[in-house]
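Fold and contact review
Residues per chain are reported as follows:
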Amino acid sequence: MPIPSKYRDLYSWNEATLWLEGADISTEYVQANEEGRDLSSVESRFKKLLSAKGDRVCPWHFVLLGGQKNPAWLDACFELMDQVQALPFRPDFPWKQPNDLPGIRRLRGKAPSIPAWKDSHKDYLQRLHGGLAGRIAGCMLGKPVEGWKHQHIRALASLTDRWPLERYFRLLTPSEQRALKKKGHPEGRIFQAHTTCLEDNLDGSLMDDDINYTVVGHEVIKTYGADFRPHQVGLVWLNQLPILTTYTAERAAYRNLTNGILPPLSASFRNPYREWIGAQIRADYYGYANPGNPSRAAEWAWRDASVSHTANGIYGEMWVAAMLASAYSADDWLTIIRSGLAQIPKSSRLHAAVEEIIAFHAAGNCFEAFLKKLSGEWDGDNFHHWVHTIPNAQIVTASLLYAGEGYSRAIGHAVGAGLDTDCNGATVGSLWGVRYGYDAIPRQWLDPLKDLCRTSIGNVREISIAQLARDMSKTAITVH
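Everything quoted here is computed from the prediction, not taken from an experiment.

**Regarding the overall build of the protein**
Across its full length, the protein carries 25 helices and four strands. Over its C-alpha trace the protein gives a radius of gyration of 22 Å, about what one expects of a compact globule, namely 23 Å for 480 residues. Along the first, second and third principal axes, the C-alpha atoms of the protein reach 65 × 60 × 50 Å. Per-residue burial over the protein gives 61% buried out of 480 residues. Put simply, 76% of the contacts in the protein that link residues at least 6 apart link residues at least 24 apart. Taken as a whole, the protein presents about 18800 Å² of accessible surface, with 53% of it coming from carbon and sulfur.

**Quick notes on unusual backbone geometry**
Only a minority of non-glycine residues have a phi that is not negative, and only a minority of peptide bonds are not trans. Put simply, Trp-163 and Pro-164 share a cis peptide bond, and its omega is 0°. As for its placement among the helices and strands, Pro-164 is situated in the loop between α7 (150–159) and α8 (174–182). A cis amide bond, omega 5°, links Pro-263 with the succeeding residue Pro-264. By the secondary structure assignment, Pro-264 is in the loop between α12 (248–258) and α13 (265–268). In this structure, Lys-450 is a non-glycine residue whose phi angle is positive, near 55°. Locating Lys-450 in the fold gives a position in the loop between α24 (443–446) and β3 (452–457). Of the residues examined, Lys-450 reaches a relative accessible area of 52% and is grouped as exposed.

**Focus: the confidence of the model for the protein**
Caution is warranted with low-pLDDT regions, since their predicted coordinates should not be read in detail. On average, residues of the protein score 92 in pLDDT, and 91% of them reach the 70 mark or higher. Predicted confidence is poor over residues 53–68, with pLDDT under 50, and the contacts of this stretch with residues over four places away or in other chains come to 47 contacts.

**Considering the pattern of salt bridges**
Between side chains of opposite charge, a pair can form as their charged atoms come close. Enumeration over the complete set of coordinates arrives at 27 salt bridges. Asp-123 serves as the salt-bridge partner of Arg-127, at 3.5 Å between the closest nitrogen and oxygen. Of this pair, Arg-127 and Asp-123 are both found in helix α6 (residues 121–142), four residues apart, which corresponds to roughly one turn of the helix. Residue Asp-210 is joined to Arg-135 by a salt bridge in which the shortest nitrogen-to-oxygen separation is 3.9 Å. With a gap of 75 residues between them, Asp-210 in helix α10 (residues 209–224) and Arg-135 in helix α6 connect regions that are remote in the sequence. Overall, Asp-210 belongs to the buried group, its relative accessible area being 0%. With relative accessibility at 1%, the residue Arg-135 sits in the buried group. Shared partners join several salt bridges into a network, and the residues in it are Glu-28, Glu-35, Arg-37 and Arg-274.

**Brief notes about the layout of surface pockets**
By volume, the second largest pocket is sized at about 440 Å³. Lining of the second largest pocket is provided by 25 residues; of these, Gln-97, Asn-99, Asp-100, Thr-310 and Ala-311 occupy positions nearest its centre. Elements with a minimum of two residues in the lining of the second largest pocket: α11 (230–240), α13 and α16 (311–327). Sorting elements by how many residues they give to the lining of the second largest pocket places α13 first, with three residues.

**Here we look at the packing of α10 against helix α25 (residues 465–479)**
Running from N to C, α10 and α25 point in directions that differ by 35°, and their axes come no closer than 10 Å. In the crossing of α10 with α25, the sense of the turn from one axis to the other is left-handed. Of the residues in α25, those in contact with Thr-214, Val-215, His-218, Ile-221 and Lys-222 of α10 are Leu-468, Asp-471, Met-472, Thr-475 and Val-479. Tallied by class, residues from the contact of α10 with α25 come to five nonpolar, three polar and two charged.

Here is what the cut-offs are and how they apply
- Residues numbered from 1 in each chain as written.
- Predicted model: local features only at pLDDT ≥ 70, side-chain atom pairs only at ≥ 80, totals over all residues.
- Heavy atoms only, no water.
- Helix = DSSP H or I, 4+ residues; strand = E, 2+ residues; numbered from the N terminus.
- Rg over C-alpha atoms; globule rule 2.2 N^0.38 Å.
- Buried < 20%, exposed > 50% of the residue type's maximum accessible area, 1.4 Å probe, protein only.
- Contact = heavy atoms within 4.5 Å.
- Areas by Shrake-Rupley, 256 points an atom, 1.4 Å probe, with all protein chains shown as cover.
- pLDDT = per-residue confidence, 0-100.
- Salt bridge = Lys/Arg side-chain N within 4 Å of Asp/Glu carboxyl O.
- 1 Å grid on protein atoms, 1.4 Å probe; cavity = no way out; pocket = protein on both sides within 12 Å on 5 of 7 lines; lining within 4 Å.
- Points joined across faces, edges and corners; volume = space filled by probe spheres on them.
- Axes fitted to C-alpha atoms, helices over the stretch in contact; angles between N-to-C directions.
- Left-handed = near helix turned anticlockwise from the far one by under 90°.
- Nonpolar A, V, L, I, M, F, W, Y, C, P; charged D, E, K, R; others polar.

This is the structure we're talking about:
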């Protein structure tokens, strides 16, 4: 629906500052239910606020009356969100999902045996470089189709002879554009807006939050060392990360930090996105810097995640960091995945969801069957679903298990499955790159990157990928 002219300026402002205000009451309602809060005493208040008039004029959750946000509605939302955080959990809620590190560790299962890392610095650099380049390439593949459903990605890729996904997406010809329009493809116009990360025009990596946070992790360790604390992660954000290059949970936490609300409260205060995927994409340097040591990688990830996330949002980052640390030493994907799971509570929804995919794969089901299962359980039209940690962790798990030893197949599965495609392509590419090393990544993914990484981080705007890998490896050696 076109935006009325009198609302356009306000729409553009809201779009630019989305997630900064925090009054996303619809996401808060879903999130609070999923984390087990007993909402019986506030159901009627949620219903009243969610039925307010005009809530579709501006992006997602903003309510406008007379072209302005309704202060009374906002105040009521904030009051209710604050009250939710004090509500007890439902007595029949089956999951135990603590936020504190000692509580998490008490509920872990037995970890698989991971050999100690004993190889040379040259080999370590080769593996770290592989993780970094693999992450960037996977991110660039997924970026043009972020948030799409599997069937729409497949239709587009098939039309352009890119299915299965073994190369970057390319520009559409005029006839292909007409064909896509004729088929009623819902995402065709959006795809055409991402021309700079298509194979025809790719000239090094574009700035993306999935790349930014890997650099941020390095900046945290370089600045504060192995004993960094959560609030110091926040200081690096405030010093080096522009707020409008943060999204969802990170932007809510950024707002809290600027208002003097420190971790762990910065993660939960008026932050409905506290279990979304944002922390999971911040894990990589903590894994890169701890080869063969998944426990320490997970601890560093916990310190980072607790700035902006709770429960499964935290566990996602711990899981990925531990997997990356294990990928240096372990020799099969199942061990790597289970090594990551061993760092998070067995009693969590994330643990159960990943184990479900492991069992599904072990039962002999094919990847197409996984895609049907995924679409049957998660609604790709629901923003809460496609950016949540859990369904995207299931995609990461399946992509690794079904890919075998093929990089193209791994990131192709991760992106082709849909949902948060750039995040999943990046995470799977990173894990594959650490396990097999830079030289094993096929050249069709590396050559268009031209060894160039771009970020919005104050200290690292543009840098050679190889040089960034060298810098990261030196910092890691310094703190060990």
